[in-house]
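For reference, the chains in residue letters:
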Amino acid sequence: MRCLEGISRASAGRTLMAKALIALLILPLLAAIPAQAQVAGTCPPPKKFAAGACVTACPGGYEDRGRECVYRNQSR
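Residues numbered from 1 in each chain as written. Predicted model: local features only at pLDDT ≥ 70, side-chain atom pairs only at ≥ 80, totals over all residues. Heavy atoms only, no water.

## Examining the pairing of strand β4 (residues 68-71)
Then, in step 1: As paired strands, strand β3 (residues 62-65) and β4 are joined by four bridges and run antiparallel to one another. Bridging across to β4, Y62 finds its partner in Y71. (Pairing = 2+ DSSP bridges. Helix = DSSP H or I, 4+ residues; strand = E, 2+ residues; numbered from the N terminus.)

## Brief notes about the state of the cysteines
Then, in step 1: For the structure on display, the rule yields two disulfides.
Then, in step 2: Put simply, C43 and C54 are joined by a disulfide, and their sulfur atoms are 2.1 Å apart. Between C43 and C54, the disulfide has an S-S torsion of -85 degrees and is therefore left-handed. You can see C43 sitting in the loop between α1 (2-30) and β1 (48-50) and its partner C54 sitting in strand β2 (residues 53-55), a full eleven residues away along the chain.
Then, in step 3: Residue classification places C43 among the buried positions, given a relative accessible area of 4%.
Then, in step 4: On the basis of relative accessible area, C54 is assigned to the partly exposed category, the value being 28%.
Then, in step 5: Note that C58 is cross-linked by a disulfide to C69, the S-S spacing being 2.0 Å. Handedness here is read from the sign of the S-S torsion; for C58 and C69, about -80 degrees, the answer is left-handed. (Disulfide = S-S within 2.5 Å. Buried < 20%, exposed > 50% of the residue type's maximum accessible area, 1.4 Å probe, protein only.)

Below is the structure:
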């Protein structure tokens, strides 16, 4: 029986190490990395950043602020 207890402890340790290794490999992949269009500076010069996309002109309800279009609430 002692032999079997040692085996179960060893396999439990390996299982824990495997889970830790998987977590260390997956966590960096889950980090939030913004897409190109989510940052205003990534739009090419003639385009502007509005609602997560690069556009040529600000859509209705957006105020033109140079390289960015800022949403303005029209209900006031």
